[in-house]
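A closer look at the structure
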Amino acid sequence: MADESTEKKAPQGKSMYKYIAEAWADADNTYVKALNYERRIQWRKEENFLRVEHPTRLDRARAVGYKAKQGYVVVRAKVRRGSFRKRRINAGRRAKRKAEEQMIVGKSLQRMAEERTQKRFQNLEVLNSYWVGADGQNEWYEVILVDPASPVILADPKISWIAQGNQKNRVYRGKTAAGKKGRGLNVKGHGAEKARPSAAANGNRSK
């Protein structure tokens, strides 16, 4: 009988999702480059918030909670890129007080895409989102929404929590993955003492 320690383990094959993820990670050298070029031409002509039948990136969709079943909706959202600047002040002020410098936005474009999508699909709840493309003027994200009133959702113990009252309008309170990242909740330990429960509520929490 051969020693188990000397036996060679059979190589395990990659899953379909792994191949998709590797192709997107090196998009400039894979088939994704040609696909994205054609997609962006079409996406520019479409609505800013368009419901789609299937996710563009199946690996990312599954990773952030999507399932191909009733109650799940995917919406492709377009958000403009670029810095945010105030209009130039022509009245009498010294240059320092004209506020012409770039304004730092407190939210990422991904969070903006999620919130604007929620505004248009008010009977659904935003679960998560992921990046699918960009050009010089716009960025596109696919937002996964869930119907909290769907019997299929209520019967699934892995997602039925989204029907609870404390999940209502969750995207506006930064409870998605992009929202938690923007609130600094991905950082733990030293340097993150004032990030919880939120930056605004930190001074009010009980000791």
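That block above? That's the structure.
Let us look at the structure shown here.

Definitions and limits used
Residues numbered from 1 in each chain as written. Predicted model: local features only at pLDDT ≥ 70, side-chain atom pairs only at ≥ 80, totals over all residues. Heavy atoms only, no water. Helix = DSSP H or I, 4+ residues; strand = E, 2+ residues; numbered from the N terminus. Polar contact = N/O pair within 3.5 Å; in protein donor to acceptor, adjacent residues only side chain to side chain. Buried < 20%, exposed > 50% of the residue type's maximum accessible area, 1.4 Å probe, protein only. Phe/Tyr/Trp six-rings, centres within 6.5 Å; stacked < 30°, edge-to-face > 60°.

1. Let's talk about the environment of R120
Tracing the backbone through its elements, the reader meets R120 in helix α4 (residues 109–120). R120 sits 71 residues away from F49 along the chain, and the two C-alpha atoms are 8.2 Å apart. Polar side-chain contacts of R120 include one of 2.9 Å to the backbone oxygen of R116.

2. Overview of unusual backbone geometry
Here the amide bond leading from R196 into P197 is cis, since omega sits at -5°, within 30 degrees of zero. Counting through the fold element by element, P197 comes out in the segment after α6 (177–182). At N169, a position not held by glycine, the phi torsion is positive, near 55°. In this structure, N169 sits in the loop between α5 (151–154) and α6. In this structure N169 comes out as partly exposed when scored by relative accessible area, which is 29%.

3. Considering the packing of aromatic side chains
Evaluation of the coordinates by the stated rule reveals two aromatic pairs. Here W43 and W140 contribute two aromatic rings whose centre-to-centre distance is 5.6 Å and whose plane-to-plane angle is 55°, an arrangement assigned as tilted. Of this pair, W43 sits in helix α2 (residues 32–45) while W140 sits in strand β4 (residues 138–146), and the two are 97 residues apart along the sequence. Summarising the burial analysis for this pair, W43 and W140 share the class buried.

Remember, this is a structural readout, not a statement about activity or role.
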